[in-house]
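# Chain and residue survey
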Amino acid sequence: MGCGKNGEVKQQVGFRCEKCWFKKIAYTTTKSIKNWEAIRDLYKRQKGLCAYTGIKLVLGENTNLDHITPVKKGGTHKINNLQWVDGKVNWMKYDSKEAEFLKTIKLILKRKGYCMKKKTGGREINAYHNL
Ligand SMILES: [Zn+2]
């Protein structure tokens, strides 16, 4: 793609260079490319791992940029409302706020007979007995 300086070595994501790929994601998710660098840095801060499952995120394959609080539920396009998650996880989360999503997961696990126990000092639901 003719988007960089001659001779510049660039990471490719599909047929795009990485920079253009992040700009595309920024545009499709936040309707603007202005935060594309912050969005790229967020991916790096997450060490390329899904915010919920810790699954390795491969750019252009299973990466989804999620609104933690969906826009239709009052969330913003600001970086502190964004997180990188695995595509399947984002499909499950759909238009849920984080708390609603976690509640759904709890219901599923409870219905399937798993007993949850929050670890002392844990930040989230850390332990699923029998899993
Ligand atoms: Zn490019």
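Please refer to the structure placed before this passage.
To keep things clear, this report deals only with the structure shown in the data block.

Quick notes on the rules
Residues numbered from 1 in each chain as written. Predicted model: local features only at pLDDT ≥ 70, side-chain atom pairs only at ≥ 80, totals over all residues. Helix = DSSP H or I, 4+ residues; strand = E, 2+ residues; numbered from the N terminus. Buried ≥ 20, exposed ≤ 12 C-beta atoms within 10 Å, placed from the backbone. Contact = placed C-beta atoms within 7 Å. Axes fitted to C-alpha atoms, helices over the stretch in contact; angles between N-to-C directions. Parallel < 35°, antiparallel > 145°, perpendicular 65-115°, else oblique. Nonpolar A, V, L, I, M, F, W, Y, C, P; charged D, E, K, R; others polar. Expected span 1.5 Å × (residues − 1). Pairing = 2+ DSSP bridges. Core = buried A, V, L, I, M, F, W, Y, C linked by C-beta atoms within 7 Å.

### What about the overall build of the protein chain?
Counting its secondary structure elements, the protein chain contains four helices and six strands. Ordered by position from N to C terminus, the α and β elements of the protein chain give β-β-α-α-β-β-α-α-β-β. In the protein chain, which comprises 131 residues, the share counted as buried stands at 15%. Taking all contacts inside the protein chain whose residues are at least 6 apart in sequence as the whole, residues at least 24 apart take part in 38%.

### Thoughts on the packing of helix H1 (residues 18-30) against helix H2 (residues 36-45)
Packing of H1 against H2 brings their axes to within 9 Å, and their N-to-C directions diverge by 105°. Relative to H2, the element H1 lies roughly perpendicular. Contacts between H1 and H2 involve Phe-22, Lys-23, Ile-25 and Ala-26 from the first element and Trp-36, Ile-39 and Arg-40 from the second. The residue makeup of the contact of H1 with H2, split by class, is five nonpolar, no polar and two charged.

### Overview of H1
Working note: α-helix, 3.6 residues per turn, so residues spaced by three or four point in the same direction. The end-to-end C-alpha distance of H1, which contains 13 residues, comes to 18 Å, matching closely the 18 Å that a straight helix rising 1.5 Å per residue would cover. Among the residues making up H1, those that are buried are Trp-21, Phe-22, Lys-23, Ile-25, Ala-26 and Thr-30. Looking at the buried residues of H1, the elements they touch are strand E1 (12-13), strand E2 (16-17), H2 and strand E3 (63-67). One or two positions beyond H1, positive phi appears at Lys-31, with a value near 65°.

### Side note on the environment of Leu-49
In this structure, Leu-49 sits in the loop between H2 and E3. As a C-alpha pair, Leu-49 and Thr-63 span 14 residues in sequence and 9.2 Å in three-dimensional space. The contact partners of Leu-49, leaving out residues within four places of it in the chain, are Gly-54, Ile-55, Lys-56 and Leu-57.

### Focus: the pairing of strand E4 (residues 82-86)
Consecutive side chains of a regular strand alternate in pointing toward one face of the sheet and then the other. By the criterion of burial, E4 is predominantly enclosed, with four of the five residues buried. In the sheet, E3 pairs with E4 via five bridges, with the strands oriented antiparallel. Across the sheet, His-67 pairs through a bridge with Leu-82, a residue of E4.

### A closer look at the environment of Gln-46
Mapped onto the secondary structure, Gln-46 falls in the loop between H2 and E3. A C-alpha to C-alpha distance of 8.5 Å links Gln-46 and Gln-83, two positions 37 residues apart in sequence.

### Observations regarding the nonpolar core
The biggest cluster of nonpolar side chains holds six residues, and these are Trp-21, Phe-22, Ile-25, Ala-26, Ile-39 and Leu-82. Ranked by residue count, the leading element in this core is H1, at four residues. Residues in contact with Ile-39, not counting those within four places in the same chain, are Phe-22, Ile-25, Ala-26, Leu-65, Ile-79 and Leu-82. Membership of the second largest hydrophobic core comes to five residues, among which are Cys-50, Tyr-52, Leu-57 and Val-85.

### Topic: unusual backbone geometry
Leave glycine aside and you will find that most residues have negative phi; peptide bonds, for their part, are mostly trans. The residue Lys-31 is not glycine, and still its phi comes out positive at about 65°. Mapped onto the secondary structure, Lys-31 falls in the loop between H1 and H2. One non-glycine residue, Tyr-94, lies in positive phi territory at about 50°.

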